[in-house]
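Architecture and fold: a report
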Amino acid sequence: MTKSRIAAVDVGNDALKANFGKLENELYIPNVIARDMEDRPVIGIEELDEKDPLDNIHIKVHSPALEENNAVYRVGNLATKTNNSTELDPGSSKSEEDQTVVMLIASLAIDAVSNGQFKAGKNDVIDANYTLGTGLPLREVKEGKDVGYRSQLLGSVHQVEFLVTPKYQGMKVNIKFDEVKVYPEGFAAYVNLIMDNDRNVINKELIDKQILIQDIGGLSTDIAVIRNRNVDDDKAQGFNLGVAESLEEIREEIRTKHGVELDSRRDVVDIITRKNDRHHIMVKGSRTNVHDITDRILLELAKKEYRYLRNVWAKNSQSEICYFVGGGSAVLKEYIKALNNKLDGFNIEFFEDENESIWMMANAYYKLVSDFVAKNMKDSKDTKEEKTTEKAK
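Residues numbered from 1 in each chain as written. Predicted model: local features only at pLDDT ≥ 70, side-chain atom pairs only at ≥ 80, totals over all residues. Heavy atoms only, no water.

1. With respect to the overall build of the protein
Defined as follows: Each helix corresponds to a stretch of at least 4 residues labelled H or I by DSSP, and each strand to a stretch of at least 2 residues labelled E; elements are numbered beginning at the N terminus. Note on method: radius of gyration uses C-alpha positions; expected globular size equals 2.2 Å times residues raised to 0.38. Only protein chains enter the calculation, and the probe is 1.4 Å; a residue is then buried if its accessible area is under 20% of its type maximum, exposed if over 50%, and partly exposed in between. Only the protein chains shown count as cover for residues, and all accessible areas are computed by the Shrake-Rupley method using a 1.4 Å probe. Charge counting follows a simple rule: Lys and Arg are positive, Asp and Glu are negative, and His as well as the terminal groups are ignored. The location of each charge is read from NZ of Lys, CZ of Arg, CG of Asp or CD of Glu.
In terms of helices and strands, the protein carries 10 helices and 17 strands. Since a compact globule built from 393 residues should have a radius of gyration of about 21 Å, the 22 Å found for the protein is in line with a globular shape. Taking the principal axes of its C-alpha atoms as reference, the protein extends roughly 70 × 60 × 35 Å. Counting the 393 residues in the protein, one finds 54% classified as buried. Total accessible area on the protein stands at roughly 18,400 Å², and carbon and sulfur atoms take up 45% of it. In the protein, the 54 positive side-chain charges and the 67 negative ones have mean positions that sit 3 Å from each other.

Here it is in structure tokens:
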């Protein structure tokens, strides 16, 4: 029997972030896919294996969880180079999109061919078993969509065939899930604040506080109200607003004003958040400031996000602090801070390390699913010991 491997996967609207095994492997893949043909042309095919597989993910996916089965995709960076790439649309539900499943099982297949735990059998086929921890926006969990999403993944074999992909061309991976845990994203963020990777309690002062967690994603915003160490389901709120529409608006204005076509929202995020030459692009070889475009559009979005915070805090007046998490928080941090200083002066906290905010969900799912596995192993051991004792009697 193949030993189950831990996978903690955050299929974010901007990018997929994943931790595997005992944190010895992690993946970051832009959440962009594009339909393609099986035999895509490659310049310098002889040097294919010298290229980075993550920049050239070209796969065929078979899964009962997909509406469009046995389709061929470019995934991640490779998909951004086409004119038919797709990103998740505002208003869509993450749990109901083929793109979410394609990204998820593609990441598992990449881990399976690269980690060394799973060995290829006949015809370069790898059988890989995973115990998965992942999550959905609070809104979708409150609507019960986590149940259907979980059942789609469990009980089926999902196959990924690597086509024109460096190092892995011709390999197939059969993925089965021994367990799938789907967590509400807001609660996951809370767990990440109070638990380290070894499942020890940290930040003990937060445990019994009533706190808010505002998770700003690409397509949605969740505000979790944490009290008595749990999400208050009645108070938690989800909104169909994220940074995706604003990023598209910036992308379109840059195209219209400067004639520069950016490949994806990922490029816009890079312009906004990078350390050097922030808010600048190259136009005909000249460094050009686009601060007027980014500032105006992002400030409008920050005002809407701040309004959500104000309304939720008004209904939960005994809250002591609000933590802003998610990729959208990294984009809007300075704007929301400025608004808060000017207006209400709430006790709010951002993560100065933008990477920590972006990886928060994947890290949280890892802690939660690792804790689940550890408890299961303990229960199994205790049961065996009880049976042994009974036999001895």
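2. As for the side chain of D222
Note the cut-off: Salt bridges are defined by distance alone: a side-chain nitrogen of Lys or Arg within 4 Å of a carboxyl oxygen of Asp or Glu. A 3.5 Å cut-off defines polar contacts: any pair of N or O atoms within that distance qualifies, except that in protein one atom must be a possible hydrogen donor and the other a possible acceptor, and neighbouring residues in sequence count only when both atoms are side-chain atoms. Throughout, a residue-residue contact means that at least one pair of heavy atoms, one from each residue, lies within 4.5 Å.
Structurally, D222 is set in strand β11 (residues 221-227). The buried charged residue D222 lacks any salt bridge, with R139 as its nearest oppositely charged partner at 5.9 Å. A polar atom in the side chain of D222 sits 2.8 Å from the backbone nitrogen of L138. If near-sequence neighbours (up to four positions away) are discounted, D222 is found in contact with P137, L138, R139, E185, I213, Q214, D215, Q237 and G238.

3. As for the sheet that holds strand β9 (residues 172-184)
Selection rule: Strand pairing is defined by DSSP finding a minimum of two bridges between the two strands. Only the contacting stretch of a helix is used when fitting its axis, a line to C-alpha atoms as for every element, and angles between N-to-C directions run 0 to 180 degrees.
Spatially, nine strands are ordered β3-β2-β1-β7-β9-β8-β5-β6-β4 in an open sheet, and the strand pairing comes out mixed. Taken across any chain shown, the strands that pair with only one partner, and hence form the sheet edges, are β3 (25-30) and β4 (33-35). Strand after strand, the sheet turns through a mean of 30 degrees between neighbouring axes, direction not considered. Two elements, strand β1 (residues 5-11) and strand β2 (residues 15-20), share five bridges in a ladder whose sense is antiparallel. Bridge pairing links D10 to K17 in β2. Each of β1, β2, β3, β4, β5 (57-62), β6 (71-75), β7 (125-136), β8 (158-162) and β9 is contacted by helix α1 (residues 98-114), which is oriented at about 145 degrees to β3, the strand it contacts most. Those strands touched by helix α3 (residues 145-153) are β7, β8 and β9, and its axis lies near 160 degrees from that of β9.

4. Side note on the environment of K209
With respect to the helices, strands and loops of the structure, K209 is situated in the loop between α4 (185-194) and β10 (211-216). Relative accessible area serves as the criterion here: at 26%, K209 is assigned to the partly exposed category. Between the C-alpha atom of K209 and that of N228, which follows or precedes it by 19 residues, the distance is 7.6 Å. When sequence neighbours within four positions are dropped, the list of residues in contact with K209 reads I226 and E320.

5. Re helix α7 (residues 291-315)
The condition is simple: The length a helix should cover is 1.5 Å for every residue beyond the first.
For α7, with 25 residues, the first-to-last C-alpha span of 36 Å sits near the 36 Å given by 1.5 Å per residue. Taken together, the buried positions of α7 are I293, T294, I297, L298, L301, A302, E305, Y306, Y308, L309, V312 and W313.

6. Focus: α4
Counting along an α-helix, one turn takes 3.6 residues, and residues three or four places apart therefore face a common direction. Most of α4 is tucked away, with nine of its 10 residues classed as buried. Every buried residue of α4 is listed here: E185, G186, A188, A189, Y190, V191, N192, L193 and I194.

7. Observations concerning the packing of α7 against helix α8 (residues 327-342)
This is how the line gets drawn: Should the near helix be turned anticlockwise from the far one by less than a right angle, the crossing is left-handed, and should it be turned clockwise, the crossing is right-handed. Under the convention adopted here, Pro, Cys and the residues Ala, Val, Leu, Ile, Met, Phe, Trp and Tyr are nonpolar, Asp, Glu, Lys and Arg are charged, and Gly plus all remaining residues are polar.
Running from amino to carboxyl end, α7 crosses α8 at an angle of 65 degrees, the nearest separation of the two axes being 9 Å. Seen along the crossing, α7 lies across α8 with a hand that is right-handed. Along the contact surface, α7 presents T294, D295, L298, L299, L301, A302, K303, E305 and Y306, while α8 presents V331, L332, Y335, I336, L339 and N340. In terms of residue class, the contact of α7 with α8 is made up of 10 nonpolar, two polar and three charged.

8. A look at the nonpolar core
Condition: Nonpolar cores were defined as sets of buried Ala, Val, Leu, Ile, Met, Phe, Trp, Tyr and Cys residues, with membership established by side-chain atoms within 4.5 Å.
Among the nonpolar cores identified, the biggest contains 47 residues, and V9, I59, V75, Y130, F162, V173 and F177 are the most heavily contacted of them. With 11 residues, the single largest contributor to this core is α1. Leaving out residues up to four positions away in the same chain, V173 has contacts with A109, A112, V113, I126, A128, H158, Q159, V160 and F162. Of all hydrophobic cores here, the second largest spans 39 residues; its members include L212, V312, Y335 and I336.

9. Notes on the side chain of N56
Positionally, N56 belongs in the loop between β4 and β5. A polar atom in the side chain of N56 sits 3.0 Å from the backbone oxygen of D52. For N56, the residues in contact, after removing those within four places along its chain, are R40, K51, L78, V164, T165 and P166.

In short, the description is geometric, and any link to function would need to be established separately.
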